[in-house]
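Listed below are the residues making up each chain.
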Amino acid sequence: MTQSNQHDSQLDPVTFAVLKSAFESIVDDMAYTVMRTARSPIVRDVLDYSTTMCDAKGRILAQAKTVALHLGAVPDAMEALQRHYDNDLHPGDVIIFNDPYDGGMHLPDIFMFKPIFAEQHLLGFAVVICHHCDVGGRVPGSNASDSTEIFQEGLRIPPLKLFDRGVRNKTLFDIIAKNVRLPDLVIGDLEAQLATCALGEREFVRLVGKYGVEVLEGFIVDLLDYGERLTRKAFAAWPDGTYRFTDYIDGDGFDESAIPIQVAITVTGDHIKVDFDGSSPQVRGAINSTLSFTKSATYLAVRCMLDSDVPNNAGVYRCIDVSAPEGSVLNPEFPAPVAARALTGYRVADTVLGALSRIVPERAVAAGEGGNSVVCLGGYDKTTRQPFILVDMINGALGARATRDGIDAITNPSQNMSNMPVEILEATYPLLIEEYSLREDSCGAGRQRGGLGIIRQYRFLADEAILQLRSDRYEHRPYGLFGGGEAAPSRNLLSTGGNFELLPSKVTRTVHRDTVIRHEQAGGGGYGDPMMRPAAAVLADVLDGKISVPYARSGFGVVVRDGIVDEQATARLRAEHEGAPA
């Protein structure tokens, strides 16, 4: 167990609150800066990026409401940075890297760290992580689930100085530009990260100028202790014991065998241990997750069970130990591929949340859509030979909670991302969007029903491209809780002029003009006995087109005729269900 160095704070509560809010405002301003200055749609419109501030020891102080799955990996990334540059950090330095086996997560996510100094005194770091639209490799977008080793996935960057004491590393910029398919967008997004780090540096230094180094360093200790203290208070109220849960990934794209993610959470006083022993060995396909990413998904899931006033900082992590077997899908050995590791991170979060539902059921949430589905299309314009790369991340549905329905067509809690607007898709890429809608009957039935997933249908308008699909929840549908039903499974379909054919959940193939790609996303699981859902709520969903009349009957025991509830038939049907054997 990791304990903090508790101390008697000399900082008054008002100053503490002001500084806490100041750091939260800084990271939010950093997030808006990325959004305003990024070049690629995956960063600017999908919002696949994160911003945070760390202290001089690399401990997270505050994080913006961006991609939560990124930020729990920052501690391991900071360890890599400090291992390479412990005594070689100076004002004006900027360090970047993306190597999953040297501090990174997967190659498209490029970490950028800017050390912040005041009079040669290291204060902390501004940190920005962006998912870049391409980092080279065998397929456009560098995110294929069917790569079989890290060397196929793109340009690996160890911790290197992009700027050294303010001097631009032209060699590194040139190497990156020569190894990616869309250098203008990639370099443009790196410049957006630089602008964002500069803003974080400026605002941190401004606080130092107002309060002084001594006050700021005392505040940092207080802030991390505060996060730890609130977390330990919450854990102390949880019943001691070991709680287990298992969820599954449908396959890795090569082998359709189920891939188990197994967790045991042990609560001991004010501390928890999260152990993934029993999870699948690492797999051939690129869904392996680095241990840093596994930790990040775990921290995120646990944080969802805590009160909203618990700060998102490294003090929370002191109370949680995470372990996964070496050589497993959650802690792979080099050179295992990891490009599509986000899918496994989502399933880690689902598995941990499933175990937590047995500890704090009143805070539990049924499984959502399983994480975003990725539709990637990459090719070249026949006339200009200019490349295009679409990485569309479809965000879908939230599972039901104890007192509320799941939310329809919303980002997974792991992500805080956005669906790319249809107008941007059609203006930027050779595509026509033929359907973008809620998916009827995709929700899991329950006293509180799950959220609805969405449908996205594309018609491809260029001559040829490589299509990559990364989805899941085909066979192992999003689970319900406490009698709630599973959600509908996801589906990928493709048409080349005739009927749609059903595709596997993970696909890489060549497509041609007028190919139609359709993704039907899973919904969220239900919570509680669906026969306890008020008939009026079921009717409202029927009238809104969210569920069909047959699903109202089969899922909820509510008979709807001519737009009204047949109360007598509903009472008989629900009585039959109540008397049925369990």
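Residues numbered from 1 in each chain as written. Predicted model: local features only at pLDDT ≥ 70, side-chain atom pairs only at ≥ 80, totals over all residues. Heavy atoms only, no water.

Describing the packing of aromatic side chains
The way to describe two aromatic rings as a pair is by their centre distance and the angle between their planes.
Thought 1: One pass over the full model with this rule turns up 16 aromatic pairs.
Thought 2: With 5.7 Å between their ring centres and 10° between their planes, Phe23 and Phe219 make a pair best called stacked. Taken together, the positions of Phe23 in helix α1 (residues 13–37) and Phe219 in helix α7 (residues 213–236) put the pair 196 residues apart, joining distant regions of the chain. For the residue pair Phe23 and Phe219, the accessibility class agrees, reading buried in each case.
Thought 3: Where Phe163 meets Phe173, the ring centres are 6.3 Å apart and the plane angle is 85°; that geometry is what we call edge-to-face. Taken together, the residues Phe163 in strand β6 (residues 160–164) and Phe173 in helix α5 (residues 170–178) connect sequence positions 10 residues apart. (Phe/Tyr/Trp six-rings, centres within 6.5 Å; stacked < 30°, edge-to-face > 60°. Helix = DSSP H or I, 4+ residues; strand = E, 2+ residues; numbered from the N terminus. Buried < 20%, exposed > 50% of the residue type's maximum accessible area, 1.4 Å probe, protein only.)

Overview of the sheet that holds strand β12 (residues 373–380)
Thought 1: A sheet is described by the order of its strands in space; here 4 strands give the open sequence β13-β12-β16-β19, paired in antiparallel fashion. A single partner strand is all that each edge strand has here, and the edge strands are β13 (387–394) and β19 (506–512). For this sheet the average axis-to-axis angle between neighbouring strands, irrespective of direction, equals 15°.
Thought 2: Across 5 bridges, β12 lies against strand β16 (residues 464–470) in antiparallel orientation. Among the inter-strand pairings, Cys376 is bridged to a residue of β16, identified as Gln468. (Pairing = 2+ DSSP bridges. Axes fitted to C-alpha atoms, helices over the stretch in contact; angles between N-to-C directions.)

Considerations on the pattern of salt bridges
Working definition: two side chains of opposite charge can pair if their charged atoms are close together.
Thought 1: Within the structure shown, the criterion is met by 43 salt bridges.
Thought 2: For the salt bridge of Lys170 with Asp174, the shortest nitrogen-to-oxygen distance reads 2.7 Å. With Lys170 and Asp174 both in helix α5 and 4 residues apart, this pair spans about one turn of that helix.
Thought 3: According to the relative accessible area criterion, Asp174 is partly exposed, its value standing at 34%.
Thought 4: Asp408 is paired through a salt bridge with Arg449; the nearest N and O atoms lie 3.2 Å apart. Taken together, the residues span a long stretch of sequence, with Asp408 in the loop between β13 and α11 (422–428) and Arg449 in the loop between β14 (431–438) and β15 (454–460) at a distance of 41 residues.
Thought 5: Note on Asp408: relative accessible area 17%, which makes it buried. (Salt bridge = Lys/Arg side-chain N within 4 Å of Asp/Glu carboxyl O.)

Quick notes on the pairing of strand β17 (residues 491–495)
Thought 1: For β17, the buried fraction is high: 4 of the 5 residues fall into the buried class.
Thought 2: Across 5 bridges, β17 lies against strand β20 (residues 516–520) in antiparallel orientation. Residue Leu493 lies in a different strand from β20, and its bridge partner there is Arg518.

Observations regarding the sheet that holds strand β3 (residues 94–97)
Thought 1: An order of β2-β1-β5-β4-β3-β6-β7 is seen for the 7 strands of this open sheet, with the pairing classed as antiparallel. In this open sheet, the two edge strands, each paired with only one partner strand, are β2 (60–63) and β7 (167–168).
Thought 2: In this structure, β3 lies alongside β6, joined through 3 bridges in antiparallel fashion. If you follow Ile95 over to β6, its bridge partner there is Lys161.
Thought 3: Lying on the sheet, α5 is in contact with β3, β6 and β7; it crosses β6 at an angle near 125°.
Thought 4: Sheet strands in contact with α7 are β1 (49–55), β2 and β5 (121–131), and its direction is about 80° off that of β2. (Contact = heavy atoms within 4.5 Å.)

A few points about the confidence of the model for the chain
Thought 1: Per-residue pLDDT for the chain has a mean of 94; in total, 98% of the residues score no lower than 70.
Thought 2: Scored below 50 in pLDDT, residues 1–5 shows 13 contacts in the model against residues more than four places distant or in partner chains. (pLDDT = per-residue confidence, 0-100.)

Quick notes on the environment of Asn313
Thought 1: Tracing the chain through its elements places Asn313 in the loop between α8 (291–304) and α9 (314–317).
Thought 2: Along the sequence, Asn313 and Asp225 sit 88 residues apart, while their C-alpha atoms lie 9.7 Å from each other.
Thought 3: Those residues in contact with Asn313 that lie beyond four places of it in its chain are Ile60, Leu61, Leu223, Leu224 and Gly227.
Thought 4: A distance of 2.7 Å separates a polar side-chain atom of Asn313 from the backbone nitrogen of Gly315. (Polar contact = N/O pair within 3.5 Å; in protein donor to acceptor, adjacent residues only side chain to side chain.)

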